[in-house]
Amino acid sequence: MKIFLAGSLFFFIAGNAAGTQLILESSKNVYYEEETVLLHLTIFNDSSAIESHIIEFLQPREKNWMYIGNLHKLEIKDIPEMQNFTNHMPPEPKPHSPQTNKNYKPVVLNSGESYKIMIPFFYEYYPVNLPATFNVKLHWLENSSNSISFTVMPTKGTKKQNNLIINGDFSEGEGNIPYGWKIFDERTLWDSSQKFLMYNVDRQTAETEGYWAYSVFYEVSSPCQYILSVRTKTSGPVIIIFVEGWGIVQGRKRRIERNECFYHQRADQTWETQIRKVKFANPEVKWVRLKLYVYGNAGKVWFSDLSMEPEKR
């Protein structure tokens, strides 16, 4: 039995008397739906020899995120829907590994050295109802980590009248996170007093992958039709709102239908409310998610007053 100190928490690691030790940690006991759950892994060489560890990285490699589903596996107790968990999201680039990159180099640790990496825990791509408590352990070859437990709660945000979207007016949230919206970039500004979400998009981002934020998932019954309304303005970037329809494919949530709503702004860069019709025809669509996406030109974009209400017939 080995005892390690990570931050302010003690971990008791069962395993070989010497070799690679896996120390798993969660920075929080409770997360909310709009938060990305990132687990922290420390790989520790507890031997007197040099140890080599092959890590498959999620792309882009610079994020230092570990791929789960091949060499490394997460055991998630009491949730059968996540028995074969992977955090790879096709059609995104495959993980950085010896099989995908001829220049791949393993992590080499001298005696007493450690390596830290993060594991994105994308529970939301599985049919799991919130609140949910996850009991998680990592396995690699004959090594296993300690077990950790954390709970994910539904967002505290509220809906207004017939609006499907939680916190569509960006009036609710805590810290720098608006309820009901997943923010992935620190350049995103949520202003609770003026009730908007603002992107600050540099040229490189605008001309490559673009910039976005996601809503949380919403259950729907398809076929269905909605009226999407949004108030926006832009200093240059092109705006598209993708209204995605998701269903279960091979036990996992997948996007199976999508509405692409393009927005063309006036040259004076003032607020403008625009309305689009969106619909889903595939009866396998069980959830929808909004992706507020911009690209093309550098500058700033503002979003406010989003609503998606069933179309009246």
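None of the values given here were measured: they were computed from a predicted structure.

Student: I'd love a proper account of the nonpolar core, names of residues and values included.
Tutor: Counting 43 residues, the largest nonpolar core has Met-82, Phe-121, Phe-134, Val-136 and Phe-150 as its most contacted members. Among the elements of the structure, β3 (20-26), β5 (38-45), β7 (72-77), β8 (107-109), β9 (114-120), β10 (132-140) and β12 (148-153) are those that each provide at least two residues to this core. For this core, the element with the highest residue contribution is β10, accounting for 5 residues. Apart from residues no more than four positions distant in its own chain, Phe-121 is found in contact with Val-37, Leu-39, Leu-74, Ile-76, Met-82, Phe-85, Phe-134, Val-136 and Phe-150. Counting 35 residues, the second-largest nonpolar core is a separate cluster that includes Val-201, Tyr-211, Leu-228 and Ile-241.

Student: Before we move on, could you go through the sheet that holds strand β25 (residues 299-310) and cite the residues and values that matter?
Tutor: Here 5 strands make up an open sheet; going across it, the order is β16-β17-β25-β20-β23 and the pairing antiparallel. Only two strands of the sheet have a single neighbouring strand rather than two, namely β16 (189-191) and β23 (272-280). This sheet shows a mean twist of 30 degrees between the axes of neighbouring strands, independent of strand direction. Across 5 bridges, strand β17 (residues 196-201) lies against β25 in antiparallel orientation. Counted as the bridge partner of Met-198 is Trp-302 from β25.

Student: Can you break down unusual backbone geometry residue by residue, with the values?
Tutor: A cis amide bond links Leu-130 to the next residue, Pro-131, at an omega of 0 degrees. Mapping Pro-131 onto the fold places it in the loop between β9 and β10. Of the consecutive residues Ser-222 and Pro-223, the connecting peptide bond is found in the cis state with omega at 5 degrees. Of note in the backbone geometry, Asn-167 takes a positive phi value of approximately 55 degrees without being a glycine. With respect to the secondary-structure elements, Asn-167 resides in the loop between β12 and β13 (173-174).

Student: Kindly report on the state of the cysteines, identifying the contributing residues and their values.
Tutor: Counted under the stated rule, the structure contains 0 disulfides. Here Cys-224 is not disulfide-linked; the sulfur of Cys-261 is the nearest cysteine sulfur, at 13 Å. Overall, the relative accessible area of 9% leaves Cys-224 in the buried class. Overall, the relative accessible area of 5% leaves Cys-261 in the buried class.

Student: Please provide a residue-by-residue account of the environment of Trp-190, values included.
Tutor: When you line up the elements, Trp-190 lands in strand β16. In this structure, the C-alpha to C-alpha distance between Trp-190 and Phe-303, residues 113 residues apart in sequence, is 9.7 Å. Of note is the side chain of Trp-190, whose polar atom sits 2.9 Å from the backbone oxygen of Phe-170.

Student: So, the sheet that holds β9: which residues are in play, and what are the values?
Tutor: Read from one edge of the open sheet, 3 strands run β3-β5-β9, paired in antiparallel fashion. Edge positions in the sheet fall to β3 and β9, since each of these pairs with one other strand and no more. Adjacent strand axes in the sheet meet at a mean angle of 25 degrees when their direction is disregarded. Strand direction decides the pairing type here: β3 and β5, joined by 7 bridges, are antiparallel. Bridge assignment links Leu-22 to a residue of β5, and that residue is Ile-43.

Student: Outline the pattern of salt bridges, listing residues and values.
Tutor: Tallied over the entire structure, the rule returns 11 salt bridges. The salt bridge involving Glu-311 is made with Lys-277; its shortest N-O contact spans 3.2 Å. With Glu-311 in the segment after β25 and Lys-277 in strand β23, this residue pair connects regions lying 34 residues apart in the sequence. When its relative accessible area of 62% is taken as the criterion, Lys-277 is described as exposed. Each of Asp-185, Arg-187 and Asp-202 takes part in salt bridges that share partners, so that together they form one network.

Student: Which residues make up the side chain of Thr-234, and what values do they have?
Tutor: Its place among the elements puts Thr-234 in strand β20 (residues 224-234). Among the residues examined, Thr-234 registers a relative accessible area of 8% and is labelled buried. At 3.0 Å, the side chain of Thr-234 forms a polar contact with the backbone nitrogen of Gly-236. Within the structure, Thr-234 has its side chain in polar contact with the backbone oxygen of Pro-237 (distance 2.9 Å). Once you skip the residues sitting within four places of it in the chain, Thr-234 turns out to touch Ile-239, Gln-265, Gln-269, Lys-300, Val-301 and Trp-302.

Each value, and the rule that gives it
Residues numbered from 1 in each chain as written. Predicted model: local features only at pLDDT ≥ 70, side-chain atom pairs only at ≥ 80, totals over all residues. Heavy atoms only, no water. Core = buried A, V, L, I, M, F, W, Y, C linked by side-chain atoms within 4.5 Å. Buried < 20%, exposed > 50% of the residue type's maximum accessible area, 1.4 Å probe, protein only. Helix = DSSP H or I, 4+ residues; strand = E, 2+ residues; numbered from the N terminus. Contact = heavy atoms within 4.5 Å. Pairing = 2+ DSSP bridges. Axes fitted to C-alpha atoms, helices over the stretch in contact; angles between N-to-C directions. Disulfide = S-S within 2.5 Å. Polar contact = N/O pair within 3.5 Å; in protein donor to acceptor, adjacent residues only side chain to side chain. Salt bridge = Lys/Arg side-chain N within 4 Å of Asp/Glu carboxyl O.

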